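# Structural features, examined
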Amino acid sequence: MEASQIIFFILSAIIVVGSIMSVVSRKLLHAATYLLFVLIATAGLYLLLNFHFLAAVQLSVYVGGILVLFV
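The notes below deal with the structure included here. (Residues numbered from 1 in each chain as written. Predicted model: local features only at pLDDT ≥ 70, side-chain atom pairs only at ≥ 80, totals over all residues. Heavy atoms only, no water.)

## A few points about the packing of helix α1 (residues 3-24) against helix α2 (residues 28-48)
Their axes nearest at 8 Å, the elements α1 and α2 cross at an angle of 155°. The orientation of α1 with respect to α2, classified from their angle, is roughly antiparallel. Both α1 and α2 take part in a crossing whose hand is left-handed. When α1 is examined against α2, the residues S4, I7, F8, L11, I14, I15, G18, S19, M21 and S22 are found in contact with a partner set consisting of A31, Y34, L35, F37, V38, A41, T42, G44, L45 and L48. (Axes fitted to C-alpha atoms, helices over the stretch in contact; angles between N-to-C directions. Helix = DSSP H or I, 4+ residues; strand = E, 2+ residues; numbered from the N terminus. Parallel < 35°, antiparallel > 145°, perpendicular 65-115°, else oblique. Left-handed = near helix turned anticlockwise from the far one by under 90°. Contact = heavy atoms within 4.5 Å.)

Okay, structure coming up:
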């Protein structure tokens, strides 16, 4: 296995587990935190595919929106 495949599987596991936990969680702050992890891992997948602009947009727009939700 190559390093990029291992990183892909780790990011995919974070996305799947974080998505399930975000839906199942009863506390809003916990659900938003899990969604934050999902969005960061999605940006990591974009970086793995060499879509740097899309990863930057993902981090600035969506993760920034979750941080505003925290405030």
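## A few points about the environment of G64
Structurally, G64 can be placed in helix α3 (residues 52-70). A relative accessible area of 23% means that G64 is categorised as partly exposed. Spatially, the C-alpha atom of G64 lies 9.3 Å from that of L36, the residues being 28 residues apart in sequence. (Buried < 20%, exposed > 50% of the residue type's maximum accessible area, 1.4 Å probe, protein only.)

## Side note on α3
Look at α3: 26 Å from first C-alpha to last across 19 residues, which is about the 27 Å you get at 1.5 Å a residue. Along α3, the sharpest kink reaches roughly 25°, centred on G64. Inspection of α3 places A55, Q58, V63 and I66 among the buried residues, and these make up the whole buried set. (Expected span 1.5 Å × (residues − 1). Bend = angle between axes of the 7 residues up to and from the residue.)

## Describing the environment of S22
Locating S22 in the fold gives a position in helix α1. Here S22 falls in the buried class, since its relative accessible area comes to 19%. On a C-alpha basis, the gap between S22 and L35 in space is 6.0 Å, while along the polypeptide they are 13 residues apart. Excluding its chain neighbours within four sequence positions, the residues that come into contact with S22 are A31, Y34 and L35. A polar contact of 3.3 Å, which involves the side chain of S22, links it to the backbone oxygen of A31. (Polar contact = N/O pair within 3.5 Å; in protein donor to acceptor, adjacent residues only side chain to side chain.)

## A look at the side chain of Q58
Here Q58 is to be found in helix α3. Exposure remark for Q58: the relative accessible area of 7% places this residue in the buried category. Beyond its immediate stretch of four places on either side in the chain, Q58 contacts L39, T42, A43, Y46 and V63.

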